[in-house]
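# Structural description and commentary
If you want the building blocks of each chain, they are given just below.
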Amino acid sequence: MSTTPFRTRIPCVRSKKLTKRKILRRRSSPNRRNNDVDYVVQLSVGAGPPPDHVQAGGPSAPPPPQQHQQHHSPPYDLRRKPPVNSQLHHNTNTSESAAAPTSATAASNAVEVAAAVAACATAAPTTTAATAYCPSMLPARKRPRRTYSSNEITLGGTSNAAHYLLYELPDEVLLTIFSYLYEKDLCRVAQVCKRFYSIASDNELWKNLYQSLYEYDLPLFNPAPSKFDFVQPEDCDYENPWKESIKQLYHGVHVRRRYHFSAGKDQGRSVMYFDTIQAAFEYCNELENPLVFIHSGEYKGEMLQIMSNVSFIGAAPGNVAENVVIERECGSTIMFEEGAAQAYLGYITIKFSPPNRSESVLHTKHYALEIQENCSPTIEHCIIKSLSVLGAAVSVSGVAAEPVIRHCEISDCENVGLIITERAQGLYEDNEISRNALAGIWVKNYANPIMRRNHIHHGRDVGIFCFDGGQGYFEANDIHNNRIAGFEVKAQANPTVVRCEIHNGQTGGIYVHEHGFGQFIENKIHSNKYAGVWITSNSNPCIRRNEIYNGRQGGVYIFGEGRGLIEHNNIYGNALAGIQIRTNSDPIVRHNKIHHGQHGGIYVHEKGQGLIECNEVYANTLAGVWITTGSTPTLRRNRIHSGKQVGVYFYDNGHGLLEDNDIFNHLYSGVQIRTGSNPIIRRNKIWGGQNGGVLVYNGGLGHLEQNEIFDNAMAGVWIKTDSNPVLRRNKIFDGREAGICIFNGGKGVLEENEIFRNAQAGVLISTQSHPTQSHPVLRKNRIYDGLAAGIEITNNATATLEFNQIFNNRFGGLCLASGVNPIQRGNKIFDNHDAVEKAVSSGQCLYKISSYTSFPMHDFYRCRTCKTTERNAICVNCIKTCHHGHDVEFIRHDRFFCDCGAGTLNNQCQLQGEPTQDTDTLYDSAAPIESQSLMAEV
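The following paragraphs examine the structure supplied in this document. Computed from a predicted model, the values in this text were never measured in an experiment.

Once that is clear, we can look at the overall build of the protein chain. When its secondary structure is counted, the protein chain shows 17 helices and 75 strands. Per-residue burial over the protein chain gives 55% buried out of 938 residues. Considering only residue pairs separated by 6 or more positions, the protein chain has 56% of its internal contacts joining residues 24 or more positions apart. Here the protein chain displays about 38400 Å² of accessible surface, and carbon together with sulfur accounts for 48% of that area.

See below:
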């Protein structure tokens with residue numbers, strides 16, 4: 001037997017059966033397809049196993065009798081058969097003595113058997129035992145047409161061989177035979193019977209066929225135009241995914257260099273092969289929606305200018321795109337033009353490598369991939385690189401340029417990775433854009449792309465740059481580790497950026513400048529080297545519902561006449577201020593949470609402005625809000641609380657409006673005003689300050705109107721060191737010390753305030769050693785229900801008291817120290833309780849009625865015998881009892897508490913019980929702690 005290779009021998013076997021097949025075709029349906037490709041598709045999908053009546057020996061033929069099955073031998077030659085009896089006799093006599101076929105002929109015999117299977121079982125000619133001759137021995141043109149009856153039993157000849165092949169040949173042998181067939185013959189064999197259908201549908205058979213044809217490791221499906229998906233076999237819905245994949249892809253042509261083929265066809269299958277992409281492309285010009293497989297290799301110098309709906313897809317094992325490379329040195333490597341509405345390019349590496357990268361030589365911009373106007377190709381799973389210093393790797397330009405670019409890698413380019421310009425649009429999803437010399441993406445000239453889930457990182461410039469009116473919708477992108485900003489917007493650009501993560505930038509996160517706009521919504525902006533968001537140069541973006549945190553400088557930085565709407569953001573954990581506003585910038589900042597900053601919350605300086613409303617500012621290391629150097633912001637309805645220093649801090653000519661805010665629970669004062677600052681503070685609630693409610697000092701001014709200042713650990717309002725604020729119609733109550741404390745040259749106008757239920761004096765005025773006399777004006781105030789005196793003036797201070805009502809205070813209405821002569825007119829002092837005089841009259845120590853909470857005003861002394869000083873005051877009853885017979889000296893009538901009763905002297909007080917240790921010997925209120933915020937200024 002000939003040793004011709006088994007694949008090339010199949011047509012020879014078929015040619016010898018040609019006459020018989022013509023007879024069979026006459027008996028088959030007249031509509032049966034003859035086209036090979038359609039036939040394979042029809043068999044692959046359509047049909048399952050053949051019906052039962054064609055399973056063995058012809059229509060309705062019962063299985064052969066059991067007694068004849070023992071005489072069957074493997075039929076090695078089915079082309080010519082002797083008469084039934086002689087054939088049976090020959091097979092019986094030679095079955096034991098026949099030599100096994102040699103290895104050189106085994107494959108050929110297997111192919112002959114497989115090629116004959118379809119003919120034997122499909123034709124199934126039957127004879128009876130009494131037939132004198134075998135019609136198959138006659139020439140084909142003289143064979144009579146045979147008829148069959150339903151009760152005929154076939155015993156020998158072809159039927160005998162068919163029975164053996166159908167029932168007795170082991171599955172492993174049939175599987176081996178079928179493995180030598182191509183997909184067309186395998187589909188034909190599957191139509192013989194259910195057994196053949198089951199064996200011919202073996203996944204491994206089709207996997208080997210599939211991988212020899214396409215080289216892929218996984219089945220690839222083409223469920224719709226411009227859609228190709230690799231699927232794991234175990235995740236596939238098809239019973240045989242490899243067979244289904246061949247069926248869907250069979251119409252494609254192949255570009256396969258150095259592949260052995262003859263006349264453009266692989267023998268035994270209808271598959272076209274070409275040596276170049278250009279040749280395959282030209283062949284496809286007349287086809288509808290052609291598909292071209294580009295196999296492993298490097299294709300250099302080929303020009304692809306695509307103006308039709310052709311699909312190009314790489315075909316290689318492993319990482320497909322890495323093994324299929326198309327490269328050019330001049331002109332764009334691949335160009336899509338008008339007409340490529342549903343073109344496809346996938347799983348290919350596209351390179352543009354000009355021979356000379358010098359800008360002095362290159363004058364025309366070229367690209368690895370260029371998409372022009374009025375086309376919308378799909379590009380998927382490609383690796384795209386350009387080594388040109390002038391042109392980007394990918395250019396999308398022109399009206400109605402709307403590509404779909406997915407799962408591509410655009411990296412290590414010498415210019416921009418992706419440019420979208422001239423009103424182009426398109427969908428860009430799940431791409432990797434990294435390590436490019438300039439921006440990862442440019443969007444300009446009113447381009448409006450949609451970009452989702454892209455990974456843009458480690459660029460040597462900006463991550464995404466929108467300018468010159470560029471727009472776009474950017475969703476769920478991961479942008480990080482770029483040398484400049486992660487996202488830059490300028491020159492009337494107006495992108496929408498939603499749910500992106502912008503982090504670890506080497507400068508900032510988002511940079512909006514030179515009249516830029518944009519909507520930045522629900523992003524995570526964190527861990528950037530400078531500010532998370534920069535807004536400058538008359539830009540006006542919207543920053544909404546973002547998380548801006550862990551910046552190595554500030555959170556949001558607005559400067560250079562920047563504007564913007566900053567709302568509903570969560571800003572925390574930044575090294576500097578959560579929001580910084582400066583140099584005539586005027587943003588709207590509202591409904592944000594600004595907290596746990598390592599510096600302050602909001603910092604407004606250098607003539608900054610802005611509307612700051614309905615924010616929650618808390619738990620910051622320095623001041624919650626800083627306002628300084630000529631700034632005039634408006635703060636309304638904010639909750640500013642739980643800070644580690646001041647709540648709101650005005651200094652160095654800080655101005656503005658503080659209105660309807662809730663300011664509470666700060667380690668220092670709720671509000672501090674100093675050094676020429678002159679804010680309007682109106683209708684706020686200021687409470688829980690550990691160093692008082694409001695502190696005005698060092699020349700501070702301000703108008704405090706209609707505020708509620710209560711429950712502060714020290715004075716509700718401090719006015720000192722030449723400060724001169726105006727307080728009107730405030731309620732100052734429930735303080736744990738004085739209501740208002742004015743000393744060390746403090747002034748101010750206090751009008752129509754209600755001051756009540758404070759632990760010490762309602763208003764305490766003192767000068768101490770300051771060169772300037774304290775001299776406030778108190779007019780039309782109501783001071784009542786205090787636990788000490790209504791008004792106390794001490795230490796050479798003075799005041800103007802006009803038309804005040806002072807009543808129901810425990811230690812008296814107006815208490816004046818020695819030498820104090822205030823200006824008084826029209827005051828009403830009534831119904832006060834003189835608890836100090838009652839204690840003196842009953843012989844009590846005055847410390848007993850004051851303890852730590854207040855300082856009664858009365859005569860106090862010192863004891864020369866006990867060597868006390870003016871700083872160690874002793875009440876009159878202790879002098880009479882505890883220091884009886886000692887050398888004592890009257891000091892003055894002033895506010896103090898008794899050191900004898902407090903137990904701070906050597907001798908034990910006889911008017912008290914157990915002494916209480918108290919080292920606070922000052923007879924005046926403790927001075928407030930000044931903020932250290934200025935020490936940490938930027």
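In this structure, Asn-569 sits in the loop between strand S38 (565-567) and strand S39 (570-572). In this structure the side chain of Asn-569 is engaged in a polar contact, spanning 2.8 Å, whose partner is the backbone nitrogen of Asn-546. Look past the residues within four positions of Asn-569 in its chain and what remains in contact with it is Ile-543, Arg-544, Arg-545, Asn-546, His-591, Asn-592 and Lys-593.

Counted residue by residue, strand S9 (residues 324-328) has five buried out of five residues, so it is predominantly covered. Judged by which residues are buried, S9 turns out to be covered on both faces: Val-324, Ile-326 and Arg-328 on one side and Val-325 and Glu-327 on the other are all buried. Pairing analysis gives four bridges linking S9 to strand S12 (residues 349-352), with the strands arranged parallel. Note on S12: the bridge partner recorded for Val-325 is Thr-349.

Now for the nonpolar core. Taken as a class, soluble globular proteins show a tendency for nonpolar side chains to be buried jointly. Counting 189 residues, the largest nonpolar core has Phe-178, Phe-312, Phe-336 and Phe-487 as its most contacted members. Formed by 19 residues, the second largest nonpolar core is a distinct cluster that contains Trp-626, Ala-715, Trp-718 and Ala-738.

Turning next to unusual backbone geometry. Of note in this structure, His-407 is not a glycine but carries a positive phi near 55°. On the secondary structure map, His-407 appears in the loop between strand S17 (404-406) and strand S18 (409-411). Take His-407: its relative accessible area is 36%, and that puts it in the partly exposed class. For Ala-619, which is not a glycine, the phi torsion comes out positive at approximately 60°. Take Ala-619: it is sitting in the loop between strand S45 (616-618) and strand S46 (625-628).

Here Gly-297 shows up in strand S6 (residues 297-300). A residue is classified by how much of its surface remains accessible, and Gly-297, at 21% relative accessible area, is partly exposed. For the pair Gly-297 and Val-324, spaced 27 residues apart in sequence, the C-alpha to C-alpha distance is 5.2 Å. Dropping the residues within four chain positions of it, Gly-297 is found in contact with Asn-323, Val-324 and Val-325.

Now for helix H7 (residues 171-178). Within the span of H7, buried status applies to Leu-174, Ile-177 and Phe-178. Viewed along the axis of H7, the buried residues span an arc of 95°, placing them on a single side of the element.

The rules behind each value
- Residues numbered from 1 in each chain as written.
- Predicted model: local features only at pLDDT ≥ 70, side-chain atom pairs only at ≥ 80, totals over all residues.
- Heavy atoms only, no water.
- Helix = DSSP H or I, 4+ residues; strand = E, 2+ residues; numbered from the N terminus.
- Buried < 20%, exposed > 50% of the residue type's maximum accessible area, 1.4 Å probe, protein only.
- Contact = heavy atoms within 4.5 Å.
- Areas by Shrake-Rupley, 256 points an atom, 1.4 Å probe, with all protein chains shown as cover.
- Polar contact = N/O pair within 3.5 Å; in protein donor to acceptor, adjacent residues only side chain to side chain.
- Pairing = 2+ DSSP bridges.
- Core = buried A, V, L, I, M, F, W, Y, C linked by side-chain atoms within 4.5 Å.
- Arc of directions from axis to C-beta.

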